[in-house]
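# Overview (structure and organization)
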Amino acid sequence: MVVVDDLHIVYKVYGAGGDRGSAATVLLRALGRRTRGNIREVHAIRGISFIAYRGDAIGIIGRNGSGKSTLLRAIAGLLPPEDGNVYTTGGASLLGVNAALLDDLTGERNVVLGCLAMGMSKQEAKVRYQSVVDFSGVGDFINLPMKTYSAGMGSRLRFAIAAAKHHEVLLIDEALATGDAEFRVRSHNRITELRQAAGTVFLVAHNLEEVELTCNRVVWMDRGKIVMQGDDVISIVDKYIDASGGIPVERDPATRRRLHRAVGGES
Amino acid sequence: MSDPNVPSPTLLSAGGDPGAGRIAAAAGLERQSEVRSPDLPTEPLGTYALRHGLRPSAERPPVLAYLAEIWRRRHFVMAFATARNIAMYTEAKLGQIWQVLTPLLNAGVYFLIFGVLVPINRGIPNYLAFLVTGVFVFNFTQRAFITTSSVITESLPLIRALQFPRAALPLAYVIIELEQMVLAMAVLVVIVLATGEPVTWYWLLVIPALLLQTIFNIGIGLFAARLGAQVNDFSQLLPFLMRTWLYVSGVLFSIQNLGLSQTSFLAKHSWAVQVLEVNPAAVYITMVRDSVLRSQRLSAPGAKPYNAALCTQWQNAAARGGTVPVKLQYDSAYCAAHITVQHFWYYGIGWAALALVVGFFFFWRAETRYGRG
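Remember, predicted model here, so these are calculated numbers, not experimental data.

Scanning chain B from N- to C-terminus turns up 19 helices and one strand. Put simply, of all contacts in chain B between residues at least 6 apart along the chain, 79% involve residues at least 24 apart. A total accessible area of about 17700 Å² is found for chain B, and carbon and sulfur atoms account for 66% of it.

Next comes the structure, spelled out in structure tokens:
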């Protein structure tokens, strides 16, 4: 369960002018002629409130820079709120595209390390190992350093590691975008399982069909605020597509499902 | 563009700035300050959350819970240390052999310079073993300090991906250095035996000495980890800090002897000698030297009853610099000791405890701030 209470997040960007490191700037600063200048504040989240209950899978949609990833990082406790607060049960685990674990090490070691870092015992990690490798589908690459992996393989393995444990709150930031169709089906099923185990899942995705298939609620963000949120995922997605000038999705009038199928299988 | 009459789902808050007009129009919204969704409870959300047993996500865990979390991750710490150790040498052709080769080469350099090229001893018996011991022990603390100062930056992906007590990371780095140190000690045994030191029961004291030093290193490692994560300029300053520390810790010379030779600044200010002697690096170096090297135990000031004449004779010989004849080298034992061997152990325990407590709290206080930015 996650409660977001009138959350504001402000990034402080130092040296936005780009001359932070130059000797002259430092000298001026040291002489007191200039304060540690060029601090720009970016108000990334501007007052968001909602409650996510156990068993919710919440899709977060919005344009680039609308604050989706920032929101996830705030829920994970990685960003301090400027105002308001985020409350969670237990730890929230964030799974992002650039969560590379340890690049120099083999996939095998990353799996074991990841399991141990999440608090599993040695025994538990050993038991889970094979299922994580099977789930990721990286095959023989498991014995190679992770830096040799393609982007898709890397994110598959990361998701597999994170999904090995039951999370009270799992935050997925575009992590599934690079997986192939087969992997998406598996991860979709896993997310459903995690939900059923009374966890809360957040999913940031630009693939709106994935959101429709996976999520029971959707939050549409723009410029750090919620434009809309609710249980009627399909109509919010359609409005979002409409507002961003996209081509309307053709739907079956009876089931409201998409007529074409890009993603295979549903559970 | 869109039909504002479409029944809209729950509205939470409206676009506040004019630029969002298109989106706001799409959603059929006016500019409003805050709209509360009807499905939210009427009480303040913070109260509601706390009543349901939720905790602020950016909250620092209490000390005891944090320590328990670290204990739960002990296998992770060990596995992480092993993994990093392996990764460190994957690019090198000789691989893991470098772990032994590095201390060997280190010792080789000192042998070449002080054993062959410039055979001085500064009035210290078995100078080569004295020097190599000092270098290895100091290196342990130095490496622990330097590597932990970048541990947070190096592990950002891991920190951002998974939840675990961040102190596990500097802890693992110190364990890596401890593994290196154990290998260096094996090399040291060979050198010490080769320079004619006997095997004695005192050698066993190396174990508690290194344990204390490891605890100390964990403390300063935690300290350095936070500094390195928050102050980018710290890594630029570090080499100078470490070099100064090296010179004031009696790695290359004996601080006690330095204070005894009458010409120096330190001879006139005996408090300065004492300050240098009890600095943690010097303390651990002295403890290990006294354990491993009989020559050190026998020549330590205070090892024999005070004898002004013999002491002065040794002082004069040492002050002339260069090489002091072997028969005079041990006469420093007739001088008065500032700090006895026993007291060094008290200092060693004190520094370890102090560093651990201060380092831990310093690191823990910023726990929720690692991995941001």
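Back to the write-up after that little detour.
Okay, the packing of aromatic side chains next. Geometry of an aromatic ring pair is reported as the spacing of the ring centres plus the angle between the planes. A complete count under the given rule lists 18 aromatic pairs over all chains for this structure. Across the ring face of Trp364(B), the terminal group of Arg60(B) is positioned such that the distance to the ring centre comes to 4.3 Å.

Below, the discussion takes up the state of the cysteines. All names here are of chain B. Under the counting rule described, the total for this entry stands at one disulfide over all chains. One disulfide in the model links Cys-311 with Cys-335; its S-S distance is 2.0 Å. Across the disulfide from Cys-311 to Cys-335, rotation about the S-S bond amounts to roughly 105 degrees, and the bridge is consequently right-handed. With Cys-311 in helix H17 (residues 308-319) and Cys-335 in the loop between helix H18 (326-329) and helix H19 (341-365), the pair connects residues that are 24 residues apart, well separated along the chain.

A residue-level look at chain B finds 86% of positions with pLDDT of 70 or above and a mean pLDDT of 81. Between the elements of chain B, mean pLDDT differs from a low of 41, seen in helix H1 (residues 21-26) of chain B, to a high of 95, seen in helix H10 (residues 206-230) of chain B.

Okay, the pattern of salt bridges next. Residues and elements named next belong to chain A. Going through the model one piece at a time under the given rule, you end up with 10 salt bridges over all chains. With a shortest N-O distance of 3.0 Å, Asp-56 and Arg-217 are connected by a salt bridge. Separated by 161 residues along the polypeptide, Asp-56 in the loop between strand E2 (40-52) and strand E3 (57-61) and Arg-217 in strand E8 (residues 217-222) bring together distant segments of the chain. Overall, the relative accessible area of 9% leaves Asp-56 in the buried class. By relative accessible area, which is 6% here, Arg-217 ends up buried. Between Asp-104 and Lys-147 there is a salt bridge, with its nearest N and O atoms 3.2 Å apart. One end of the pair, Asp-104, is in the loop between strand E5 (92-96) and helix H3 (107-117); the other, Lys-147, is in the loop between helix H4 (122-136) and helix H5 (151-163), and 43 residues separate them in sequence. Here Lys-147 falls in the partly exposed class, since its relative accessible area comes to 44%. Where salt bridges share partners, they join Arg-63, Asp-222 and Arg-223 into one cluster.

What follows is about helix H6 (residues 127-148) of chain B. Under the 1.5 Å per step criterion, the end-to-end length of H6(B) is 32 Å for 22 residues, consistent within 8% with the ideal 32 Å. With 18 of 22 residues buried, H6(B) is to be regarded as a mostly interior element.

With that settled, consider the packing of helix H5 (residues 98-117) of chain B against H6(B). Residue and element names in this part refer to chain B. Where H5 contacts H6, the axes come no closer than 10 Å and their chain directions differ by 140 degrees. Classified by chirality, the crossing of H6 by H5 is right-handed. Residues Pro-103, Asn-106, Ala-107, Tyr-110, Phe-111 and Phe-114 of H5 form the contact with H6, whose participating residues are Tyr-127, Leu-128, Leu-131, Val-132, Val-135, Phe-136 and Asn-139. By residue class, the composition of the contact of H5 with H6 is 11 nonpolar, two polar and no charged.

What follows deals with helix H6 (residues 181-196) of chain A. An ideal rise of 1.5 Å per residue puts 22 Å on 16 residues; H6(A) measures up with 23 Å between its terminal C-alpha atoms. Residues of H6(A) that are buried make contact with H4, H5, strand E6 (169-173), strand E7 (200-204) and helix H7 (208-214) of chain A.

Let us look at a nonpolar patch on the surface. Residues and elements named next belong to chain B. On the surface, Val-109, Phe-111, Leu-112, Ile-113, Val-116, Leu-117 and Val-118 cluster together into a nonpolar patch covering about 620 Å² of accessible area. Inspection of the secondary structure puts Val-109 in helix H5. The class of Val-109 is partly exposed, set by a relative accessible area of 45%.

One non-glycine residue, Asp6(A), adopts positive backbone phi at about 40 degrees. Relative to the helices and strands, Asp6(A) is located in strand E1 (residues 2-13). When its relative accessible area of 25% is taken as the criterion, Asp6(A) is described as partly exposed. Within the chain, Asn126(B) stands out as a residue other than glycine whose phi angle is a positive 45 degrees. With respect to the element layout, Asn126(B) can be found in the loop between H5 and H6. Asn126(B) gets classed as buried once you look at its relative accessible area, which sits at 19%.

Definitions and cut-offs
- Residues numbered from 1 in each chain as written.
- Chains lettered and ligands numbered in written order.
- Predicted model: local features only at pLDDT ≥ 70, side-chain atom pairs only at ≥ 80, totals over all residues.
- Heavy atoms only, no water.
- Helix = DSSP H or I, 4+ residues; strand = E, 2+ residues; numbered from the N terminus.
- Contact = heavy atoms within 4.5 Å.
- Areas by Shrake-Rupley, 256 points an atom, 1.4 Å probe, with all protein chains shown as cover.
- Phe/Tyr/Trp six-rings, centres within 6.5 Å; stacked < 30°, edge-to-face > 60°.
- Lys NZ or Arg CZ within 6 Å of the ring centre and 35° of its normal.
- Disulfide = S-S within 2.5 Å.
- pLDDT = per-residue confidence, 0-100.
- Salt bridge = Lys/Arg side-chain N within 4 Å of Asp/Glu carboxyl O.
- Buried < 20%, exposed > 50% of the residue type's maximum accessible area, 1.4 Å probe, protein only.
- Expected span 1.5 Å × (residues − 1).
- Axes fitted to C-alpha atoms, helices over the stretch in contact; angles between N-to-C directions.
- Left-handed = near helix turned anticlockwise from the far one by under 90°.
- Nonpolar A, V, L, I, M, F, W, Y, C, P; charged D, E, K, R; others polar.
- Patch = residues over 30% accessible without salt bridge, like charges linked within 9 Å, V, L, I, M, F, W, Y side chains within 5 Å.

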